Amino acid sequence: MTTNIDLNYVLNFTKELLEIPSPVGYTEKAKYRVIEELKKYNIPYFFNKKGTLIATIEGENNLEGKMISAHIDTIGAMVKKIKSNGRLELIQLGGIIWSGVEAENLKVLAIDGKIFEGTLLPNKASAHVYGDDARTITREASTMEVRLDEEVYSKEDTENLGISIGDFIAFDPRTVITKNGFIKSRFLDDKLCIGQIFGYIKFLKENKLKPKNKLYICFSDYEEIGYGVSYIPEDAKEFIALDIGLVSPDSQGDEKKVAITIKDNRAVYDLDIRKKMMEICKNNNIKYTTDIYNRYSSDASVVVQRGADIKIACIGPSVDASHHYERTHISGVLEVIKLLINYL
């Protein structure tokens, strides 16, 4: 049933999304790219009051619905201060790791629409100048700075460009797909899951299939700071967040398998859904792992923590080095889509 999943389409669309800057709070361009793709398949959509994009697909049974989500926002940063030397001090958006973006090229997204390029460096970057301090300095917001690729030497020089406090910072994703199938990039969390959702949609349309139940697809936009989903349709009985699994010495995470989350630091996921998913995986030769994550949450666990009356689950590709320079494998991407097809 799942032999004609268009993996190239999934990867190409994901790569395109990864190139669109969308740090949490700055997601409009990415959302409208998703809308363009929804229109190709004649899928209706709407925005809730908060501005979250939600699409709907009619099912074989429209009396009960299911909801899935993937978040379009990524970790990033924002200008906190323009320093006296014209460089920028940042504040993080989401769980960014400063050492993970050290020496990375970036874009400053000014409020008037202008874009400026730069690099994130420690404020004691040169070993020739600072000696061992360059090696041992703690990497945190106060010790990192943006070196702008502009002729700026004072706070006034930078302000005259049009850069101001509150401008968003987007880091280069550096997306690479290796010959042996590894996908390396920043922000696989969670744009890869959006690509997988569209792989599922394309499979439905090309095979003239419908999901078993009416399907709501939420492209949430504030997940990285903990309030991505606020709208749950009345007829939706299940909510499945598509988000990354984790690869670590303390987990079963496998980049070539779909990760089914049992529990995170906010919630225990629904046992019945988990059992059904595991049974589907066993019966359809879908490679999977199950895991518990102690420093993790998803749109689904946040929703029930706020009191939503709905069953929840979380699945996704297992990713190595989450919130750093992430990596997974195309085999795991396929396993996620296969589970979506067979479960939904």
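Our structure is the block above this text.
Everything numeric in this text was worked out from a predicted model, so none of it was measured. (Residues numbered from 1 in each chain as written. Predicted model: local features only at pLDDT ≥ 70, side-chain atom pairs only at ≥ 80, totals over all residues. Heavy atoms only, no water.)

(A) Spotlight on unusual backbone geometry. For the peptide bond that leads from Asp189 to Asp190, omega is 20°, which places it in the cis range. For Asp190, the position within the fold is in helix 6 (residues 188-206). We note that Asn285 has phi near 55°; this positive angle belongs to a residue other than glycine. By the element assignment, Asn285 lies in the loop between helix 7 (271-283) and strand 16 (288-292). Under the relative-accessibility criterion, Asn285 is labelled exposed at 56%. (Helix = DSSP H or I, 4+ residues; strand = E, 2+ residues; numbered from the N terminus. Buried < 20%, exposed > 50% of the residue type's maximum accessible area, 1.4 Å probe, protein only.)

(B) View of a negative patch on the surface. Taken together, Glu117, Asp149, Glu150 and Glu151 make up a surface patch of like negative charges. Along the chain, Glu151 turns up in the loop between strand 8 (144-148) and helix 5 (155-161). (Patch = residues over 30% accessible without salt bridge, like charges linked within 9 Å, V, L, I, M, F, W, Y side chains within 5 Å. Areas by Shrake-Rupley, 256 points an atom, 1.4 Å probe, with all protein chains shown as cover. Salt bridge = Lys/Arg side-chain N within 4 Å of Asp/Glu carboxyl O. Lys, Arg positive; Asp, Glu negative; His and termini not counted. Charge placed at Lys NZ, Arg CZ, Asp CG, Glu CD.)

(C) Main features of the packing of aromatic side chains. Tallied over the entire structure, the rule returns ten aromatic pairs. Consider the rings of Tyr26 and Phe168, whose centres lie 5.4 Å apart with planes at 50°: the pair is tilted. Here the residue Tyr26 occupies a position in the loop between helix 1 (7-18) and helix 2 (28-40), and Phe168 occupies one in strand 9 (residues 168-171), the gap between them amounting to 142 residues. Residue class for Tyr26 comes out partly exposed when judged on its relative accessible area of 22%. Note on Phe168: relative accessible area 16%, which makes it buried. An angle of 85° between the planes, with centres 6.4 Å apart, marks the rings of Tyr45 and Phe47 as edge-to-face. Clustering of aromatic rings is evident, with ring pairs tying together Tyr9, Phe13, Tyr41, Phe198 and Phe219. The side chain of Arg174 reaches across the aromatic face of Tyr325, ending 4.3 Å from its centre. (Phe/Tyr/Trp six-rings, centres within 6.5 Å; stacked < 30°, edge-to-face > 60°. Lys NZ or Arg CZ within 6 Å of the ring centre and 35° of its normal.)

(D) Quick look at the side chain of Thr14. Positionally, Thr14 belongs in helix 1. Looking at Thr14, its side chain comes within polar contact range of the main-chain oxygen of Val10, at 2.7 Å. Setting aside residues up to four positions removed in sequence, Thr14 forms contacts with Lys191, Leu192 and Gly195. (Polar contact = N/O pair within 3.5 Å; in protein donor to acceptor, adjacent residues only side chain to side chain. Contact = heavy atoms within 4.5 Å.)

(E) Looking closely at the pairing of strand 8. In terms of burial, strand 8 is largely enclosed, as four of its five residues are buried. The pairing of strand 7 (residues 115-122) with strand 8 spans five bridges and is antiparallel. Along strand 8, the bridge assignment pairs Thr119 with Arg147. (Pairing = 2+ DSSP bridges.)

(F) Structural context of the pattern of salt bridges. Tallied over the full model, the rule gives 21 salt bridges. With a closest N to O distance of 3.8 Å, Glu238 and Lys66 form a salt bridge. Taken together, the positions of Glu238 in strand 13 (residues 236-242) and Lys66 in strand 3 (residues 61-71) put the pair 172 residues apart, joining distant regions of the chain. With respect to burial, Glu238 and Lys66 carry one shared label: buried. Via salt bridges that share partners, Glu16, Arg33, Glu36, Glu37 and Lys40 belong to a single interconnected network.

(G) Looking closely at helix 9 (residues 330-343). Here helix 9 contains 14 residues, and its C-alpha end-to-end distance of 20 Å stays within 8% of the 20 Å for a straight helix at 1.5 Å per residue. Every buried residue belonging to helix 9 is among Gly332, Val333, Glu335, Val336, Ile337, Lys338, Leu339, Leu340, Ile341, Asn342 and Tyr343, and all of these are buried. (Expected span 1.5 Å × (residues − 1).)

(H) Structural view of the state of the cysteines. Here the structure, examined in full by the defined rule, presents zero disulfides. For the unlinked cysteine Cys193, the closest cysteine sulfur is that of Cys314, found at 8.1 Å. Judged by relative accessible area, Cys193 falls into the buried class, the value being 0%. According to the relative accessible area criterion, Cys314 is buried, its value standing at 1%. (Disulfide = S-S within 2.5 Å.)

(I) Layout of the packing of helix 1 against helix 6. In the contact formed by helix 1 and helix 6, the axes pass within 8 Å of each other and the chain directions differ by 140°. As summarised for this structure, helix 1 and helix 6 are arranged oblique, according to the angle between their axes. Here helix 1 and helix 6 pass one another in a crossing that is right-handed. In this structure, helix 1 uses Tyr9, Val10, Phe13, Thr14, Leu17 and Leu18 to contact helix 6, whose residues at the interface are Leu188, Lys191, Leu192, Ile194, Gly195, Gln196, Phe198, Gly199 and Lys202. For the contact of helix 1 with helix 6, a count of residues per class yields nine nonpolar, four polar and two charged. (Axes fitted to C-alpha atoms, helices over the stretch in contact; angles between N-to-C directions. Parallel < 35°, antiparallel > 145°, perpendicular 65-115°, else oblique. Left-handed = near helix turned anticlockwise from the far one by under 90°. Nonpolar A, V, L, I, M, F, W, Y, C, P; charged D, E, K, R; others polar.)

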